[in-house]
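Next come the chains, spelled out residue by residue.
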Amino acid sequence: MTDFLQTVIFGLALGGVIAVSAVGLTLSYGVTRFINFAYGDFLTLGAYGTVLLAGFGLALPVATVAAMASVGVLGVVIARLAYEPLMPRGLLPLLVTSVGVAFVLHNTVRIFAGANPIRFPMPLLRPWQVGDLFVPQEQVVTILVALAAMAVVHLILTGTLLGKTMRAVSDDPALARASGVPAGHVLAATWFLSAGIGALGGVLLAVTQITVEPDMGWRFLLVVFAAVLLGGIGSPYGAMLGGLVVGLGVELGASYVSADYSYAFAFLVLIAVLLLHPRGLFGRGG
Amino acid sequence: MNAAPPLLHIGRLDAGYGALQILFGIDLTVSAGEHVLVFGANGAGKSTLIKTVAGLLTPTAGRIDFAGARLDARPPEAIAAAGIGYVPQVANVFPSLTVTENLEIGGVLLSARQRRARLDDVCTVFPRLGERRRQTAGTLSGGERQMLAIARALMPEPPLLLLDEPSAGVAPTVVTRLFALVASLRTTGTAVLMVEQNAKQALAHVDRGVVLESGRVRLTGPAATLLDNPEIGRLYLGSTEAQERNDLTPNAQIGDRS
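Keep in mind the model is a prediction, meaning the values are calculated, not measured.

J.: Is there a simple way to think about the overall build of chain B in this case?
T.: Counting its secondary structure elements, chain B contains 12 helices and 10 strands. Sequence separation of at least 24 residues holds for 66% of the intrachain contacts in chain B that already meet a minimum separation of 6. When the accessible area of chain B is evaluated, it comes to approximately 11300 Å², of which 53% is carbon and sulfur surface. If you average the places of the 25 positive and of the 24 negative side-chain charges in chain B, the two averages end up 4 Å apart.

In structure tokens form, the structure reads like this:
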């Protein structure tokens, strides 16, 4: 039982990381209908940015927020320069371009920070002990930050006019524009939020794995995709749930079946759900 | 009224989809507060005309002037901001948003205070929507969706409302109420440019009709004159020998698609 609970705690923490990351990706997909393959590198940049800023003496939470904002701005700049001019040409050129952007980004990180893993400057925290159960504080912090991030995303989407316009554009871009929604502003806000949330996902990923390396986000992208698809692509709430399911699936699979194939379990869960419900857990009917 | 320049002036307008030209040299005006119905056979270009005015299609020639400003080739959000409300034929609400949120999107350009005030006004005019404020639009009936779409377009109190087939997908009993509601917009001075298959019923509620045929304006005139024109009646209003014998109204078959 202790083992199981221990695994669940790790699963929830990993699920939180995946959920936050998946929300950022699915938000941009919802508004633009294009899967940004450079998204994984926003995670990497968020983590490295935080390491860099913490190195200048900023407290870790401040460094994280500053890194999120910087990566958010970078997300807007990349989109304006590389994606928006290509949008009238359809999705395939965008997709290929975003793969190119991904390689540019993580190799740029490699040039400046080196290819070797760097320790994330999280203070060493003693795990709490509850009976036989060890509860690492890093995992608890990750879970709490992930929950807070999802609550903030929920508030933005349902409580602000910006969030409502994003959902309206996601539902029907032409109707939104004909209703007076300034599509350009909504798009820019979406790129910013998506990249900024991705940066937070990267920081949380760094907290759980203790190190950062240049292709951490690129490698993690597949798992994030799994969560996005599981929840129903374009649905932020689906992405949150999908992230938790994938995180738990990975940790439970690693504990009880084989640690060598931990990420394979994420995809087994994905395939199982999609066989039963092809549009994902929160996917739109139609 | 004729002395004042028209609110909407469409001049020699060509438009279509890519290489496929649908509209040929359309001339059409709508005066402030005037209700105009565009009707014609399927494929005559009615929806294309409405979409072009709303900015969803870019004209290939001609011009569109609205309240003194040139609007052709402007993006749809600029046309909405200029004061033209648009209600598309189908898919005319944001299905995952609640009724209130749909209305808020309609009032996106208003200040927060104006938006709240208009939301209350609109829910007074559409009490059914007021009862369903928190319901997701995707769960509404066809008639309720149409009401919501019109209410959303009316949020910023536009001087001109474009309606694309408002009776499509709406139960026949609701269609009557819908046309009456559109007619009641005269009290607020809102001009209407409406496209409708259900032309006979719609003509009874408008000031003027425009007959579109193969993308060209074939005829335009006061609604009453068109209703009495036997050829128009035979071709476009479903007047048949059967109807002349007062047997049935063939239009009932058209409106009921719910």
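Now that the structure is up, let's keep going.
J.: Whenever I open this one, the pairing of strand β2 (residues 20-30) of chain B confuses me. Can you help?
T.: Each regular strand carries side chains that alternate between the two faces of the sheet. Where strand β1 (residues 8-17) of chain B and β2 of chain B come together, seven bridges link them in antiparallel fashion. Residue H9 of chain B lies in a different strand from β2 of chain B, and its bridge partner there is T29 of chain B.

J.: Quick question: what am I supposed to make of the sheet that holds strand β5 (residues 69-70) of chain B here?
T.: In a beta sheet, neighbouring strands are held together by backbone hydrogen bonds and run either parallel or antiparallel to one another. All names here are of chain B. The four strands lie next to each other as β2-β1-β4-β5, forming an open sheet whose pairing is antiparallel. Taken across any chain shown, the strands that pair with only one partner, and hence form the sheet edges, are β2 and β5. On top of the sheet, helix α1 (residues 46-54) reaches β1, β2 and β4 (61-66); it is set at about 110° to β1, its chief contact.

J.: So what exactly am I meant to see when it comes to the nonpolar core here?
T.: Across soluble globular proteins, nonpolar side chains show a tendency to be buried alongside one another. Residue and element names in this part refer to chain A. Of all hydrophobic cores here, the largest spans 82 residues; its most connected members are F42, Y83, F120, V212, F220 and V246. A total of 14 residues in this core trace back to one element, the largest contributor, which is helix α8 (residues 183-209). Setting aside residues up to four positions removed in sequence, V246 forms contacts with I18, V223, A226, A227, L230 and A266.

J.: Any chance you could explain helix α9 (residues 216-231) of chain A here in plain terms?
T.: Each turn of an α-helix holds 3.6 residues, which means side chains three or four residues apart point in the same direction. Residue and element names in this part refer to chain A. Over its 16 residues, α9 extends 23 Å from the first C-alpha to the last, a length consistent with the 22 Å expected when each residue adds 1.5 Å. Roughly 35° is the biggest bend found in α9, and it falls at L222. Across the 16 residues that make up α9, a large majority, 12, are buried. Of all the positions in α9, only M216, G217, F220, L221, V223, V224, F225, A226, A227, V228, L230 and G231 are classed as buried. Summarising the contacts, the buried residues of α9 are in contact with α1 (2-32), α2 (39-55), α8, β4 (211-212), α10 (236-256) and α11 (262-276). G232 lies just past α9 and shows a positive phi near 100°.

J.: Help me understand the environment of V223 of chain A in this model?
T.: Residue and element names in this part refer to chain A. Tracing the chain through its elements places V223 in helix α9. Classification of V223 as buried rests on a relative accessible area of 4%. Each C-alpha atom of the pair V223 and M68 lies 21 Å from the other, and the pair is 155 residues apart in sequence.

J.: Is there a simple way to think about the sheet that holds strand β10 (residues 216-222) of chain B in this case?
T.: Residues and elements named next belong to chain B. Read from one edge to the other, the open sheet built from six strands follows the order β6-β7-β8-β3-β9-β10, with strand pairing classed as mixed. Sheet topology places β6 (84-87) and β10 at the edges, where each strand pairs with a single neighbour. Going from strand to strand, the sheet's axes swing by 15° on average, the running direction of each strand aside. Pairing geometry for strand β9 (residues 208-213) and β10, over six bridges, is antiparallel. Across the sheet, R208 pairs through a bridge with P222, a residue of β10.

J.: How should I be thinking about the confidence of the model for chain B in this particular structure?
T.: In regions of low pLDDT, the predicted coordinates are not meant to be interpreted in detail. Residues and elements named next belong to chain B. The predicted model of chain B averages 88 in pLDDT, with 91% of residues at 70 or higher. Per-element confidence in chain B ranges from a low mean pLDDT of 37 for helix α12 (residues 252-255) to a high of 97 for helix α3 (residues 99-106). Low pLDDT (under 50) marks residues 241-258, which in the prediction has 28 contacts with non-local residues, meaning those over four places away or in another chain. Confidence estimates for the predicted assembly give a pTM of 0.88 and an ipTM of 0.86.

J.: What am I meant to see in the pairing of β9 of chain B here?
T.: All names here are of chain B. Taking burial as the measure, the six residues of β9 include five buried ones, the bulk of the element. The sheet contact formed by strand β3 (residues 35-39) and β9 spans four bridges and is parallel. Directly across from V36, in β9, lies its bridge partner R208. Where β9 folds back onto β10 in an antiparallel hairpin, the turn is made up of two residues, including S214, whose phi is positive at roughly 45°.

J.: Looking at this structure, I do not really get the interface of chain A and chain B. What am I missing?
T.: Think of interface size as the accessible area that goes away when the parts come together; that is how it is often given. Contact with chain A, which involves 19 residues of that partner, is made by 22 residues of chain B. A combined buried area of about 1700 Å² lies between chain A and chain B, and 62% of that area is made up of carbon and sulfur atoms. Here E77 of chain B makes a salt bridge to R177 of chain A, at a shortest N to O gap of 2.7 Å. Summed over the shared surface of chain A and chain B, the number is five residue pairs in polar contact (both at pLDDT 80 or more).

J.: Would you explain unusual backbone geometry in this entry?
T.: Glycine aside, residues mostly have negative phi angles, and peptide bonds mostly take the trans form. Here the phi dihedral of R12 of chain B falls at roughly 50°; this positive angle occurs in a residue that is not glycine. At A91 of chain B, a residue that is not glycine, the phi angle is positive and equals roughly 50°.

J.: I keep staring at the packing of helix α5 (residues 137-159) of chain A against α10 of chain A and nothing clicks. Help me out?
T.: Between two packed helices, what matters for the description is the angle formed by their axes and the separation of those axes. All names here are of chain A. Between α5 and α10, the least distance of the axes is 11 Å, while the angle of their chain directions is 165°. Taken together, the axes of α5 and α10 are roughly antiparallel relative to one another. Where α5 crosses over α10, the two elements pack in a sense that is left-handed. Judged by residue contacts, M150, V153, H154, L157 and T158 of α5 engage P236, Y237 and M240 from α10. For the contact of α5 with α10, the residue count by class is six nonpolar, two polar and no charged.

J.: Just to check I follow, could you spell out the side chain of H35 of chain B for this structure?
T.: Residues and elements named next belong to chain B. For H35, the location among the structural elements is in strand β3. In this structure the side chain of H35 is engaged in a polar contact, spanning 3.0 Å, whose partner is the backbone oxygen of T190. With near-sequence residues (within four places) excluded, H35 lies in contact with V182, A183, L185, R186, T190, A191, V192, H205, V206, D207 and R208.

J.: What is the right way to look at the pattern of salt bridges in this model?
T.: Side-chain pairs of opposite charge can arise whenever the charged atoms involved come near each other. As enumerated under the stated definition, the model contains 19 salt bridges over all chains in all. One salt bridge connects R132 of chain B with E144 of chain B, and the closest N-O pair in it is separated by 3.3 Å. Here the residue R132 of chain B occupies a position in the loop between α5 (127-131) and α6 (142-154), and E144 of chain B occupies one in helix α6, the gap between them amounting to 12 residues. What makes E144 of chain B buried here is its relative accessible area of 8%. When salt bridges with common partners are traced through the structure, they connect R110, E213, D215 and R219 of chain A into a single cluster.

Cut-offs and rules
The written sequence of each chain sets the order in which its residues are numbered from 1. The order in which chains are written sets their letters, starting at A; the order in which ligands are written sets their numbers, starting at 1. Given that the model is predicted, a residue must reach a pLDDT of at least 70 before its local features are reported, and side-chain atom pairs must reach 80 or more before they are shown or counted; all residues, however, enter totals for whole chains, interfaces and linings. To get the side-chain values, take all heavy atoms of the structure and skip hydrogens and water. Numbering of helices and strands runs from the N terminus, with a helix taken as a DSSP run of H or I at least four residues long and a strand as a DSSP run of E at least two residues long. Contacts are residue-level and defined by heavy atoms, with any inter-residue pair within 4.5 Å sufficient. Per-residue and other accessible areas were derived by the Shrake-Rupley procedure at a 1.4 Å probe size, with only the shown protein chains allowed to occlude residues. Neither His nor the chain termini are counted; the positive set is Lys and Arg, and the negative set is Asp and Glu. Where a charge lies is defined by one atom per residue type, namely NZ (Lys), CZ (Arg), CG (Asp) and CD (Glu). Any two strands with at least two DSSP bridges between them are considered paired. Inter-axis angles, ranging from 0 to 180 degrees, are taken between N-to-C directions of lines fitted to C-alpha atoms, where helices are fitted over the stretch in contact. Within this scheme, the nonpolar core is defined by two criteria: the residues are buried Ala, Val, Leu, Ile, Met, Phe, Trp, Tyr or Cys, and they are joined through side-chain atoms within 4.5 Å. Whether a residue is buried, partly exposed or exposed follows from its accessible area with a 1.4 Å probe, protein chains only, as a fraction of its type maximum: under 20%, in between, or over 50%, in that order. By this rule, a helix spans an expected 1.5 Å times one less than how many residues it contains. Two axes enter the bend calculation: one fitted to the seven residues ending at the residue in question, the other to the seven starting there, and the bend is the angle between them. Looking at any residue, its pLDDT shows the predictor's confidence there, from 0 to 100. Here the quantity called buried area is the total loss of accessible area, with a 1.4 Å probe, experienced by two parts when brought into contact, counted for both. Here, a salt bridge means any side-chain nitrogen of Lys or Arg that lies within 4 Å of a carboxyl oxygen of Asp or Glu. As used in this structure description, the phrase polar contact means that two N or O atoms lie within 3.5 Å; if the pair is within protein, one of them must be able to donate a hydrogen and the other to accept it, and residues adjacent in sequence are counted only when both atoms belong to side chains. For classification, angles of less than 35 degrees are called roughly parallel, those exceeding 145 degrees roughly antiparallel, those between 65 and 115 degrees roughly perpendicular, and all remaining angles oblique. Here is the rule for handedness: rotate from the far helix to the near one, and if that takes an anticlockwise turn smaller than a right angle the crossing is left-handed, while a clockwise turn gives right-handed. Charged means Asp, Glu, Lys or Arg here, nonpolar means Ala, Val, Leu, Ile, Met, Phe, Trp, Tyr, Cys or Pro, and polar covers whatever is left, Gly included.

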